[in-house]
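Here is what each chain is made of, one letter per residue.
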Amino acid sequence: MAVAVAGVLVAGGAITYAVAEDDGSSTVVPAADSADAGFARDMAVHHQQAVEMSYIVRDRTDDEEVRRLAYDIAQTQANQRGMLLGWLDLWGLPKVSADSPMTWMGMGDMPSGKDGSLMPGMATNSELKKLGTLSGKQAEVFYLQLMTDHHKGGVHMAEGCVDRCTAGVEKRLARGMVNAQESEIDLMTDLLKERGAQPRS
């Protein structure tokens, strides 16, 4: 399992590095209401919660496999979040929008997120609070379940960008997210099985 974890971590880092080599410049600047801008804004928020959950669990368990996975997710998604926000700056676009989350995917009319769950897969504030009260195996299982849901939502959003975004650098990042997060979902399913548990959905 340790080898599998290491393989996923290296893959995630390679994706971020490869995309970071491109400065995001383009002959055509996306519009403020484009899929490119919407994905960058929404995924930056989505990623921030993954970073938060990962740092919570690192303080709640001594298990090296889970701590290593959580650290990699936190670092990878923090780096990608910086890239997304940096492209918005480069394009001269606002980092917030009056539109509802997921409008760029045609999902702006979905019910408003309750208890902090603003987009597909996001944990609620109550779930984050609960994670912070657990320790050991209980914390590991709950984190892996929350992050599996989170990744499934992230994959859905990234696939939306692959289909709708026009900036090549952003489409490449989105494709990389799909591949890396699907691999991590498989890994987390295995880690849950080792702990006598399974994904919530």
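Residues numbered from 1 in each chain as written. Predicted model: local features only at pLDDT ≥ 70, side-chain atom pairs only at ≥ 80, totals over all residues. Heavy atoms only, no water.

(A) How the structure looks around the nonpolar core. The biggest cluster of nonpolar side chains holds 29 residues, and the ones touching the most others in it are Phe39, Leu84, Trp87, Leu88, Trp104, Met157 and Met177. Membership of the second largest hydrophobic core comes to 23 residues, among which are Val66, Leu128, Val141 and Tyr143. (Core = buried A, V, L, I, M, F, W, Y, C linked by side-chain atoms within 4.5 Å. Buried < 20%, exposed > 50% of the residue type's maximum accessible area, 1.4 Å probe, protein only.)

(B) The arrangement of the pattern of salt bridges in detail. Counted by the stated rule, this structure contains seven salt bridges. Arginine 195 is the salt-bridge partner of glutamate 194, the closest N and O atoms lying 3.7 Å from each other. Taken together, the shared-partner salt bridges in this structure form one network comprising Asp63, Glu140, Glu194 and Arg195. (Salt bridge = Lys/Arg side-chain N within 4 Å of Asp/Glu carboxyl O.)

(C) Seen up close, the environment of alanine 78. Here alanine 78 lies in helix α3 (residues 64-91). Separated by 31 residues in the primary sequence, alanine 78 and histidine 47 have C-alpha atoms spaced 6.9 Å apart. (Helix = DSSP H or I, 4+ residues; strand = E, 2+ residues; numbered from the N terminus.)

(D) Molecular detail of α3. Compared with an ideal rise of 1.5 Å per residue, which puts 28 residues at 40 Å, α3 spans 40 Å between its outermost C-alpha atoms and is within 8% of the ideal. A side-chain oxygen of the first residue of α3 lies 3.2 Å from the backbone nitrogen of glutamate 65; this N-cap is aspartate 63. In the stretch just after α3, glycine 92 is the one whose phi turns positive, near 70°. (Expected span 1.5 Å × (residues − 1). Polar contact = N/O pair within 3.5 Å; in protein donor to acceptor, adjacent residues only side chain to side chain.)

(E) Seen up close, the packing of aromatic side chains. Across all of its chains, the model carries two aromatic pairs by this definition. Taking the ring centre of phenylalanine 142 as reference, the NZ or CZ of lysine 130 above it sits at 4.5 Å. (Phe/Tyr/Trp six-rings, centres within 6.5 Å; stacked < 30°, edge-to-face > 60°. Lys NZ or Arg CZ within 6 Å of the ring centre and 35° of its normal.)

(F) Focus on the side chain of arginine 195. Structurally, arginine 195 can be placed in the segment after α6 (168-194). Among the polar contacts listed, one links the side chain of arginine 195 to the side chain of aspartate 63, at a separation of 3.1 Å. Within the local environment of arginine 195, its side chain forms a polar contact with the side chain of glutamate 140, the two groups lying 2.7 Å apart.

(G) Examining α6 more closely. For α6, with 27 residues, the first-to-last C-alpha span of 39 Å sits near the 39 Å given by 1.5 Å per residue. One or two positions beyond α6, positive phi appears at glycine 196, with a value near 70°.

(H) How the structure looks around the state of the cysteines. Under the counting rule described, the total for this entry stands at one disulfide. Between the sulfur of cysteine 161 and that of cysteine 165 lies a disulfide, 2.2 Å long from S to S. Linking cysteine 161 and cysteine 165, the disulfide has an S-S dihedral of approximately -120° and is accordingly described as left-handed. A relative accessible area of 0% means that cysteine 161 is categorised as buried. (Disulfide = S-S within 2.5 Å.)

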